[in-house]
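Geometric and topological summary
Spelled out, the chains give:
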Amino acid sequence: MERAAPRRRNSLFKNISAKIAAIPMAFTALVVFLGGTIWTVVYSFTNSKLLPRLNFVGFDQYTRLWSTPRWLVSVENLAIYGVLSLIFSLVIGFILAVAMDQKIRFENTFRTIFLYPFALSFIVTGLVWQWLLNPDLGVQHIVRSLGYTSFTFDPLYNADIVIYGVLIAGLWQGTGLIMVLMLAGLRGIDEEIWRAARVDGIPTWKTYVFIIIPMMRPVFVTTLVLIGSGIIKVYDLIVAQTGGGPGGASEVPAKYVYDLMFYSQNLGQGFAASTMMLVSVIVIVVPWAYFEFSGRKAR
Amino acid sequence: MNIRSLAAALAASVTLSVGAAQATDLEVTHWWTSGGEAAAVAELAKAFDATGNHWVDGAIAGGGDVARPIMISRITGGDPMGATQFNTGRQADELVEAGLMQDVTEVAKAEGWDKIINPPSLYKSCVKDGKWYCVPINIHSWQWMWMNNAVFEKIGKPVPKNWDEFVADVPELQKAGIIPLAVGGQAWQSNGLFGVLQVALGGVDLWKKVNVDKDAKFAAGPEMLKIFKAAAQAREWSKDTKVQDWNQATNMVITGKAAAQIMGDWAQGEFAVAGKVAGKDYTCLPGLGVNEIISTGGDSFYFPKQKDPEKTKAQMVLAKTLLDKKTQVAFNLKKGSLPVRGDVDLASANDCMKKGLEILKKGNVLPDGNQTLSPDTTGQLQDVIDKFWHDFSITPEEAQKQYAAIIAKAD
C-alpha cells in the first residue's frame, strides 16, 4: 500500500505538461460537445418554442416528427443520397486514382483539375449546378440548341429525380479529394509487392482487388469517415441548389432541424430531429467502433 | 504656449464629446436591403436623427428568414439592439412573455395610439395584458393579382376585371405560348397564393373559420375543397414558371412571358423600377377582383430592454417618431406600403396604392396570417401546400385532409 501510493502519483504527474496542455480540449469535449448533446436531448422532451423551457411533454415531439411527411421525405432522401454518394465517391475516386497511378503524362495537371472543385464551397457548387441544370440556361438548352429539340433534362424541377441532381453536384465536389487520398494510399504500397505479384503471374486487376485494396484499409477507413460525415451534415448544398424544392422533394434532415428551430420557432421539434440524427450516427458508429477496437486488442 | 493650446484643445474636445454623448446612439436592426426599402429606412433614420439622437443602421441582408434568428439570438444572448423590426404578428410573442422587451405604454397613452392606428387589428398584436410592446409602422397586403396589359392586348381580349374572367382567358393565353400564372418555386409563394385564393374565392367567413377559429371540421368541408380545386387548376397553369425568386416571377409578367402573378403589394416596386405605370402598363386586382379585401400584415418595431436609462429614453423618442404623420408619409411612399394611420394624406400615391387606401377606408380588412397562426403552424401548412403545388399526383382531397389535420392541432 505504501509503495503503491507514490507510484500512482507518479503516473498522474507523468508528462504533466502534456496533460495540462490537453485540459482545454478535454474541457471543450466534455462541456461543449457532451454537455451540449445532453442538453439538446433533454430539451427534445419539452415543448420549447422560441425559447428553451423545461416543460416536459414526453415523446410528443418524436410522435409528431415521425408522422410529419416532410421528415420522412428528408430521411428517405438522406438514405438515397448517402448510399449512392458513398458508393460512387469510393468507386469513382478509386478508379481515378488507379488511372492516375499509371505513370501518365501531365499527372499534376489532371490532379489539379480533379481536386479543384473541392476548393469551392458547397454554396458555390450548388449555385453552379443550379444554373447548369436549369432547363433554360444549362445542359438542356445546349443540347437543344444543337438540334435535339425534344431533349429533356431538368432534374431540379422534377420531384422524382431531384435528389440525383443534388447527388451529381455533391460527387463533382467531393470525389477529387477521395481520389487524392486513394492516390496517396496507392503510392504508399511497396514496389516489391507489385514485383512479387508480377513474378507470380497474377493479373493486374486481381492484384488490385485482392492485394492492394486490403492493404489500403486505413485509407479506406479515412475516406469512409470523411464521406460519412459529409453525408450526415449535407445542408448548404441543398439550400443553394434547390432550397428543398420542388415541393419539398429534396429536403434533408439537417435542413429540417434548422428550419424548425429558427423559421418555425419550435426548438423542441428541432431538438427531437437532431437527436434522431445523433441516434442514427450512433447506431452506425458504435458497432463499427466496437468491432474495430476489440479486434485490435485481440491481435 | 503650444502645450497650453493643446491642453485647451483637449479640454474643448472633452466637453464636446460630453455634449455629443447626450445624443444617444440607438442601433436599429431590420432586413430592408433592396433599393426601395433602403430608401424608406433612410427616411426613418432622418426623422430620428432630427430629434437629436443618432440612428445606427443595423441592416441584415438575406430577408426575414435569415435576419430573425440573428435578431432573436442577440436579444436572448444579452446583446440587445436599440430597436428591431419584426413582422406584425406573433413572431416576438415569446420574447415579450420572457420580459425581454421594453414596455412603451407611456408613449402609447400620451399619443393616443389606440385612436390613431387604423385598422385597430394592427395594434392588437402589440398589446399584451393592456401594455404596449411594439409599434406597427406599415401595412402590407397579400391579396393582389398583377397583370401585364400588353399580353391581353396580344390575344385580343380586355384585361380581366376579376378571377373568373382571367380563368376564361387562360386557354387563349396558353395557345399564344404565354404562361398564364407565374409562381416562383419557393414554398412561401405558393402558400401565400393559396391564402389569397381562400380570401378571394371563399370569402372572409371561410378564411376566419380556418385561420382564426381554427375549425378543423370546416377546413375538411366542401367549401374548402373548392379552394383546393381552384389551386389545383392554378398549379397546372404555373408549372412552366421554373424560377425560384418572387421578383424573377414578377419579371416574367413585366416582360410578357407570363400574364399574371398573385403576389403581395411589394411586387409593385418591381414594376416601378422597370418604369411601368399602374393602370396603363399593368393592372392590379385587389382580392382578385372578387372580394375586395386586404389583409393587414406588415412590420412593427420592438424595443428590447436596455440597461442604460439614456437608451430607454431614446427608445421612447424613436417610438414616438415612427408614428409621426410626416415620417409615416415619407416612409410609406418609398416603401410602397400603406400607412398605419388613416389621417394622413398620400396625394402622390399611385393607382394601385389608392385602391388599397380606398379598401382600408371602407374597413374591408383582415388580420394577417402571421397574427392568427403561430410560426410553427404556418410552417407546417406551408409544407403541405408547397408539396401539393409541385407534386401533381397529390389530389385536392388528399391535400385538404392533411391541411385540416394541421388546423386541428394548431396553436
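Scope of this entry: the structure provided in the associated data block. Predicted model, so just to flag it, every value in this text is computed and none were measured.

1. What to know about the overall build of chain A
Broken down by element type, chain A carries 14 helices and zero strands. Reading chain A from its N terminus to its C terminus gives the helix and strand order α-α-α-α-α-α-α-α-α-α-α-α-α-α. Rg of the C-alpha trace for chain A: 25 Å, well past the compact-globule value of 19 Å for 299 residues, more than 25% over. Projected onto its principal axes, the C-alpha positions of chain A cover 90 × 65 × 30 Å. The contacts in chain A between residues at least 6 apart in sequence include a share of 66% that link residues at least 24 apart. Summed over all atoms, the accessible surface of chain A reaches about 17,600 Å², with 70% contributed by carbon and sulfur.

2. Describing the nonpolar core
If you look at soluble globular proteins, the nonpolar side chains tend to sit buried side by side. Residues and elements named next belong to chain B. Core analysis: the largest hydrophobic core is formed by 118 residues, its most contacted members being Trp113 and Phe166. A per-element tally of this core places helix α13 (residues 222-237) first, with seven residues. There are two domains that each give this core at least three residues, and those are domain 1 (26-140 + 296-354) and domain 2 (144-295 + 367-408). Other than its neighbours up to four places away in sequence, tryptophan 113 contacts Val104, Val107, Ala108, Trp132, Cys134, Val135, Ala319 and Leu323.

3. Concerning the pairing of strand β2 (residues 54-59) of chain B
Walk down a regular strand and you will see the side chains alternate between the two sheet faces. Residues and elements named next belong to chain B. Bridge count between strand β1 (residues 25-30) and β2: six bridges; the pairing is parallel. The partner of valine 28 across the bridge, within β2, is aspartate 57. Between the parallel pair β1 and β2, the chain is carried across by helix α2 (residues 35-49), and the sense of this crossover is right-handed.

4. Let's talk about the interface of chain B and chain A
Each side of the interface is counted separately: chain B has 20 residues, and chain A has 23 residues. Across the chain B/chain A interface, buried area totals approximately 2,100 Å², and carbon plus sulfur atoms make up 51% of it. The largest share of the area that chain B buries against chain A comes from Glu94(B), Lys242(B) and Asp376(B), three residues that together contribute 32% of it. Viewed at the interface, chain A and chain B are joined by six salt bridges. The shortest N-O distance in the salt bridge between Glu97(B) and Arg53(A) comes to 3.8 Å. One can count eleven residue pairs in polar contact (both at pLDDT 80 or more) joining chain B with chain A. Where the side of chain B that touches chain A is concerned, the elements lending two or more residues are α3 (64-76), α4 (93-97) and α20 (375-390) of chain B. If one sorts the elements of the side of chain B that touches chain A by residue count, α20(B) sits on top with eight residues. Class assignment for the residues of the side of chain B that touches chain A results in five nonpolar, six polar and nine charged.

5. Comments concerning a nonpolar patch on the surface
Together, Met25(A), Phe27(A), Leu30(A), Val31(A), Val32(A), Phe33(A), Leu34(A), Ile38(A), Val42(A), Leu54(A) and Phe56(A) give the surface a local cluster of nonpolar side chains, amounting to about 1,100 Å² of exposed area. Positionally, Leu54(A) belongs in the loop between α2 (16-43) and α3 (60-66).

Thresholds, definitions, all that
Residues numbered from 1 in each chain as written. Chains lettered and ligands numbered in written order. Predicted model: local features only at pLDDT ≥ 70, side-chain atom pairs only at ≥ 80, totals over all residues. Heavy atoms only, no water. Helix = DSSP H or I, 4+ residues; strand = E, 2+ residues; numbered from the N terminus. Rg over C-alpha atoms; globule rule 2.2 N^0.38 Å. Contact = heavy atoms within 4.5 Å. Areas by Shrake-Rupley, 256 points an atom, 1.4 Å probe, with all protein chains shown as cover. Core = buried A, V, L, I, M, F, W, Y, C linked by side-chain atoms within 4.5 Å. Buried < 20%, exposed > 50% of the residue type's maximum accessible area, 1.4 Å probe, protein only. Domains from an automatic or database assignment. Pairing = 2+ DSSP bridges. Right-handed = clockwise from strand over helix to strand, strands pointing away. Buried area = accessible area lost by both parts, 1.4 Å probe. Salt bridge = Lys/Arg side-chain N within 4 Å of Asp/Glu carboxyl O. Polar contact = N/O pair within 3.5 Å; in protein donor to acceptor, adjacent residues only side chain to side chain. Nonpolar A, V, L, I, M, F, W, Y, C, P; charged D, E, K, R; others polar. Patch = residues over 30% accessible without salt bridge, like charges linked within 9 Å, V, L, I, M, F, W, Y side chains within 5 Å.

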